[in-house]
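Structure assessment
Residue strings, one per chain:
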Amino acid sequence: QVQLVESGGGLVQAGGSLSLSCVASGRALTMYAVAWFRQASGKEREFVAIVGTEGNTSYAQSVKGRFTVSRGTAKNIVYLQMTSLKPEDTAVYLCAAGRRINGDYIYWGRGTQVTVSS
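**Structural notes on the overall build of the protein**
Check the secondary structure of the protein and you find zero helices and eleven strands. Along the protein, helices (α) and strands (β) appear in the sequence β-β-β-β-β-β-β-β-β-β-β when read from the amino end. Since a compact globule built from 118 residues should have a radius of gyration of about 13 Å, the 13 Å found for the protein is in line with a globular shape. Over its C-alpha atoms, taken along the principal directions, the protein stretches across nearly 40 × 30 × 25 Å. Counting all 118 residues of the protein, 41% fall into the buried class.

Take a look at the structure:
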């Protein structure tokens, strides 16, 4: 069993930066691909970024060039560095691990709120 906890969210002005962390307990994250999703109020959850077990990364087009996902030196942490933030980046950001064949994820955190003011 893996428990995921996100942190690092907050209120920032447009153009600013935030760094989110996803910390796992119960098992190292190095054995899983870890993805970040976000859900804005009243909207569907959307994919943001993913880091594979080999360190390969992929991003949603809306965040490409502004966000960076990476693994920490500790085996149980993954980061999402967000720069040049826009008001439309406002959402609850969640990390997920343990991707199923159907594309869903087994383990989810509860999320951290990111609010970008204009």
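Next, the rest of the story.
**Quick word on the side chain of R38**
Here R38 lies in strand β4 (residues 34–39). A relative accessible area of 6% places R38 in the buried class. Among the polar contacts made by the side chain of R38, one reaches the side chain of S62 at a distance of 3.5 Å. Of the polar contacts made by the side chain of R38, one reaches the side chain of D89; its length is 2.9 Å.

**Overview of the pattern of salt bridges**
Scanning the entire structure with this criterion turns up four salt bridges. A salt bridge links R38 to E46, with the nearest nitrogen and oxygen atoms 2.6 Å apart. You can call E46 partly exposed: its relative accessible area is 35%. Between D89 and R66 there is a salt bridge; the shortest N-O distance is 2.7 Å. A residue pair is termed long-range when its members are at least 10 positions apart, and D89 in the loop between β8 (77–82) and β9 (91–99) and R66 in the loop between β6 (57–59) and β7 (67–71) qualify at 23 residues. Taken as a pair, D89 and R66 share a single burial class, namely buried. Put simply, R38, E46, R66 and D89 are held in one network by salt bridges that share partners.

**Section: the sheet that holds β7**
Pairing in this open sheet of four strands is antiparallel, and the strands run β1-β3-β8-β7 from one edge to the other. Only two strands of the sheet have a single neighbouring strand rather than two, namely β1 (3–7) and β7. For this sheet the average axis-to-axis angle between neighbouring strands, irrespective of direction, equals 15°. The pairing of strand β3 (residues 18–25) with β8 spans six bridges and is classified as antiparallel. The residue bridging S19 from the neighbouring strand is Q81, located in β8.

**Quick word on the nonpolar core**
Among soluble globular proteins, nonpolar side chains are generally buried collectively. Judged by nonpolar contacts, the single largest core of 30 residues is most densely connected at L4, W36, L80, M82 and Y93. Mapped by element, the contributors of at least two residues to this core are β3, β4, β5 (46–51), β7, β8, β9 and β11 (112–117). Those residues in contact with Y93, other than ones at most four positions away along the chain, are E6, L20, W36, F37, R38, V48, F67, L80, M82, G111, T112 and V114. If you look at the next biggest cluster of nonpolar residues, it comprises five residues, including A35, F37, A96 and Y105.

What counts, and at which threshold
- Within every chain, residues take consecutive numbers counted from 1 along the sequence as written.
- Under the rules for a predicted model, residues below a pLDDT of 70 receive no local features and side-chain atom pairs below 80 are neither given nor counted, while totals for whole chains, interfaces and linings still include all residues.
- The side-chain values count all of the structure's non-hydrogen atoms but skip hydrogen atoms and water molecules.
- Numbered from the N terminus, helices here are DSSP runs of H or I no shorter than four residues, and strands are runs of E no shorter than two.
- Radius of gyration here is computed from C-alpha atoms only, and the compact-globule reference equals 2.2 Å multiplied by the residue count raised to the power 0.38.
- Classification of residues uses two cut-offs on accessible area relative to the type maximum, computed with a 1.4 Å probe and protein chains only: under 20% is buried, over 50% is exposed, and between them is partly exposed.
- Polar contact is defined as a pair of N or O atoms within 3.5 Å, subject to the rule that within protein one atom must be able to donate a hydrogen and the other to accept it, and that residues adjacent in sequence are counted only when both atoms are side-chain atoms.
- Take a side-chain nitrogen of Lys or Arg and a carboxyl oxygen of Asp or Glu: if they are within 4 Å of each other, that pair is a salt bridge.
- Here a strand pair is declared whenever DSSP counts at least two bridges between the two strands.
- Lines fitted to C-alpha atoms define the axes here, with helix axes fitted over just the stretch in contact, and angles between the N-to-C directions of these axes take values from 0 to 180 degrees.
- Note on terminology: a nonpolar core comprises buried Ala, Val, Leu, Ile, Met, Phe, Trp, Tyr and Cys residues joined through side-chain atoms within 4.5 Å.
- Throughout, a contact is declared for two residues whenever any of their heavy atoms are within 4.5 Å.

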